[in-house]
Amino acid sequence: MTDLIALATLPEAWAALVTLIIMEVVLGIDNLVFISILTNKLPESQRRNARRIGLGLALVLRLLLLGTVAWIVQLTTPLFEAFGHGFSWKDIILIAGGLFLVWKATKEIHHNVDPEEQPGELVGGAVKTGFTAAIFQILLLDLVFSIDSIITAVGMTDHLPIMVIAVIVAVTLMLVASGPLARFIEANPTIVMLALAFLLMIGTTLIADGLGFHVPKGYVYAAMTFSGLVELLNMLARRKRRLDRAMAGENPAAEASGSSH
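Definitions and limits used
- Residues numbered from 1 in each chain as written.
- Predicted model: local features only at pLDDT ≥ 70, side-chain atom pairs only at ≥ 80, totals over all residues.
- Heavy atoms only, no water.
- Pairing = 2+ DSSP bridges.
- Helix = DSSP H or I, 4+ residues; strand = E, 2+ residues; numbered from the N terminus.
- 1 Å grid on protein atoms, 1.4 Å probe; cavity = no way out; pocket = protein on both sides within 12 Å on 5 of 7 lines; lining within 4 Å.
- Points joined across faces, edges and corners; volume = space filled by probe spheres on them.
- Nonpolar A, V, L, I, M, F, W, Y, C, P; charged D, E, K, R; others polar.
- Axes fitted to C-alpha atoms, helices over the stretch in contact; angles between N-to-C directions.
- Parallel < 35°, antiparallel > 145°, perpendicular 65-115°, else oblique.
- Left-handed = near helix turned anticlockwise from the far one by under 90°.
- Core = buried A, V, L, I, M, F, W, Y, C linked by side-chain atoms within 4.5 Å.
- Buried < 20%, exposed > 50% of the residue type's maximum accessible area, 1.4 Å probe, protein only.
- Contact = heavy atoms within 4.5 Å.
- Expected span 1.5 Å × (residues − 1).

**Q** Before we move on, could you go through the pairing of strand E1 (residues 78–82) and cite the residues and values that matter?
**A** Residues in a regular strand point their side chains to alternate faces of the sheet. Judged from the 4 bridges that link them, E1 and strand E2 (residues 85–88) form a sheet pairing that is antiparallel. Bridging across to E2, proline 78 finds its partner in serine 88. Where E1 hands over to E2, the hairpin turn is made up of 2 residues, of which phenylalanine 83 adopts a positive phi near 55°.

Pasting the structure below:
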């Protein structure tokens, strides 16, 4: 307890905490997009519980991983070398997670583009998934993102309490944001395709990182932000066209009403 009080009086500890929270939230965007798309495949009555349980278990998973931080750091030790690159457990996990994301995103894009391929799996034009399967996939992807973020966090601070607080705050923010984001994606079908494209890009960057070709996160998030802004402009343009058509449809009726008098 005395150590925690002493830690709370250090300005550098607060700076590290704020930096870690921001980093965890930014890294959590990838996971949040995946969770939103995945839970939208569930019946509406199960979506909220799936997000809560998935993120709750993800928080427990991250805290458990923080408890084995010394082991997590050792995951960067090369196991074997191939193609001039030393592959560690971290690289293998990133490649496996990236391949899973690419497979999942490609499958969802395929069903959105050609939904008549397997009509038995579709309800309302969307591929349905089971509750347990959704939770498992959320945890699987969170494991990949957690290991990457924890290794990064260890390089920023040696204080475990700071890491724990940052993880709790970040996951809590993700839980708050998951509902509105999922509803926004569901209400805007074109956003679904954009989000799936994001997952495809994120999966590709994970594979690249695992193979030793590091892609700066700033480039990835800049591309996602630019694409999101372009889609926002498209949404505003579509809304304006709908309003114009609605007004154009009302004018002839008004003129006809006026001429009858």
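**Q** With reference to specific residues and values, describe the layout of surface pockets.
**A** A volume near 440 Å³ is recorded for the largest pocket. As for the largest pocket, its lining consists of 20 residues, of which Ile29, Val33, Leu181, Phe198 and Met224 are closest to the centre. At the level of secondary structure, the elements contributing two or more residues to the lining of the largest pocket comprise helix H2 (11–39), helix H7 (160–187), helix H8 (189–210) and helix H9 (217–260). Looking at the lining of the largest pocket, the element that brings in the most residues is H9, giving 6 residues. Considered class by class, the residues forming the lining of the largest pocket number 17 nonpolar, 3 polar and no charged.

**Q** Run through the packing of helix H3 (residues 44–67) against H7, naming residues and quoting values.
**A** With their axes 10 Å apart at the nearest point, H3 and H7 run at an angle of 160° to one another. Put simply, H3 runs roughly antiparallel to H7. You can see that H3 and H7 cross each other, and the crossing is right-handed. In terms of residue class, the contact of H3 with H7 is built from 13 nonpolar, 2 polar and 6 charged.

**Q** So what about the nonpolar core? Which residues, and what values?
**A** In this structure, Phe34, Leu101, Leu199 and Leu206 are the most contacted members of the largest nonpolar core, which totals 34 residues. Of the residues forming this core, the biggest block, 9 residues, is contributed by H8. With residues up to four places along the chain from it excluded, the contact list for leucine 206 reads Leu94, Ile95, Gly97, Gly98, Leu101, Val144 and Phe145. In terms of nonpolar packing, the next biggest core, distinct from the first, is built from 15 residues, Leu20, Ile21, Leu66 and Leu75 among them.

**Q** I'd like to hear about helix H5 (residues 89–113), residue by residue, with values.
**A** Taking 1.5 Å as the rise per residue, H5 with 25 residues should run 36 Å; its terminal C-alpha atoms sit 36 Å apart, in good agreement. Inspection of H5 places Lys90, Asp91, Leu94, Ile95, Gly97, Gly98, Phe100, Leu101, Lys104, Ala105, Glu108 and His111 among the buried residues, and these make up the whole buried set.

Keep in mind that these numbers describe shape and distance, not what the molecule does.
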